[in-house]
Amino acid sequence: MSEIQASSTELTSQYTAQITGDLERNTKEQERIGAEVEALQEQLRTLQHDHTVLVNMQQALGGASPASEAATKTAVSVPSQTAAEPKRSRPKKTAAADADKAAPKKPAAEASSAKASKAAGKPSLVDLIRNHLQQQNEPRSAAEISSALTQAHPDRTIKTTVVRTTVEGLVAKSHAHRTKQGSSVFYTAATTPQPAEDEPQPKATAAG
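All of these numbers come straight from a predicted model, not from anything done at the bench.

Observations regarding the overall build of the chain
Of the regular secondary structure elements, the chain holds eight helices and two strands. Element order for the chain, N to C, with α for helix and β for strand: α-α-α-α-α-α-α-β-β-α. Looking at the chain as a whole, 24% of its 208 residues qualify as buried. A separation threshold of at least 6 residues defines the contact pool for the chain, and within that pool the share at least 24 residues apart is 59%. For the chain, the accessible area works out to roughly 14,200 Å², and carbon and sulfur atoms hold 55% of it.

In structure tokens, the structure reads:
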């Protein structure tokens, strides 16, 4: 009986050690995948923000892109598929899959809330840039515009690259002017001519 008990105790200790090791590997794998999911979430949030800005620019320029929203929905499901592939053990797969399903919902909610806030009366980036340039007496670079708008609107993420693209769109529509000084590019608001003062003169001569 003592030998049977000893062998049983040894087997129990072996299983316990094996399970403990599996749990440690499971935990480390979950941490690693969790970090990857967070990185993917951050990339997704950045892409969705840029996408929203680009859609607004496209609409401001007179174009509509209904297919772009479908592309965004497709992109949202990609991280959950890629993150679910490396799972091996069942507990990890279930826990990580749940995390992946919940992960894309946050940026999607942020994007929808951003659209809702803009629809509720928040000025678009195009309007902000146009108004800022009209208030300036000197030309401003894209970096200076981005810095000024970020300070004025701390609740919005305004990147220099997006500002530059937006201002170039204004230049294309003759709503802004572009000047180059060395390797730097500066922008100013377009001034619209007012020929109204010249019109009364022929009327006056006709009346006389």
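Looking at helix H5 (residues 125-135)
Along H5, the residues that are buried comprise Leu-125, Val-126, Leu-128, Ile-129, His-132 and Leu-133. In an axial view of H5, the angular spread of the buried residues amounts to 165°, which keeps them on one side of the axis. Facing away from the buried surface of H5 by more than 90 degrees, the exposed residues are Gln-134 and Gln-135.

As for the packing of H5 against helix H6 (residues 142-152)
Running from N to C, H5 and H6 cross one another at 105°; their axes reach a closest spacing of 11 Å. Here H5 is positioned roughly perpendicular relative to H6, judged by the angle of their axes. Contacts between H5 and H6 involve Leu-125, Leu-128, Ile-129, His-132 and Leu-133 from the first element and Ile-145, Ala-148 and Leu-149 from the second. For the contact of H5 with H6, the per-class residue count stands at seven nonpolar, one polar and no charged.

Considerations on the nonpolar core
Formed by 19 residues in total, the largest nonpolar core has its most connected members in Leu-125, Ile-129, Leu-133, Ile-145, Leu-149, Val-163 and Val-167. Secondary-structure elements contributing two or more residues to this core are helix H1 (2-60), H5, H6, helix H7 (160-172) and strand E2 (184-189). For Leu-149, the residues in contact, after removing those within four places along its chain, are Leu-125, Leu-128, Ile-129, His-132 and Ile-158.

Observations regarding unusual backbone geometry
Here the phi dihedral of Ser-174 falls at roughly 65°; this positive angle occurs in a residue that is not glycine. On the secondary structure map, Ser-174 appears in the loop between H7 and strand E1 (176-181). Judged by its relative accessible area of 54%, Ser-174 falls in the exposed class.

Considering the confidence of the model for the chain
Averaged over every residue, the pLDDT of the chain is 74; the share at 70 or more is 62%. Note that pLDDT drops below 50 for residues 80-84; the model gives that stretch six contacts with residues more than four away or on any other chain. Contacts for the low-pLDDT stretch residues 193-208, under 50 throughout, to residues beyond four places or in other chains number zero contacts.

Here's the deal with the environment of Ile-158
Tracing the backbone through its elements, the reader meets Ile-158 in the loop between H6 and H7. For Ile-158, a relative accessible area of 9% puts it in the buried group.

About the criteria used
- Residues numbered from 1 in each chain as written.
- Predicted model: local features only at pLDDT ≥ 70, side-chain atom pairs only at ≥ 80, totals over all residues.
- Heavy atoms only, no water.
- Helix = DSSP H or I, 4+ residues; strand = E, 2+ residues; numbered from the N terminus.
- Buried < 20%, exposed > 50% of the residue type's maximum accessible area, 1.4 Å probe, protein only.
- Contact = heavy atoms within 4.5 Å.
- Areas by Shrake-Rupley, 256 points an atom, 1.4 Å probe, with all protein chains shown as cover.
- Arc of directions from axis to C-beta.
- Axes fitted to C-alpha atoms, helices over the stretch in contact; angles between N-to-C directions.
- Parallel < 35°, antiparallel > 145°, perpendicular 65-115°, else oblique.
- Nonpolar A, V, L, I, M, F, W, Y, C, P; charged D, E, K, R; others polar.
- Core = buried A, V, L, I, M, F, W, Y, C linked by side-chain atoms within 4.5 Å.
- pLDDT = per-residue confidence, 0-100.

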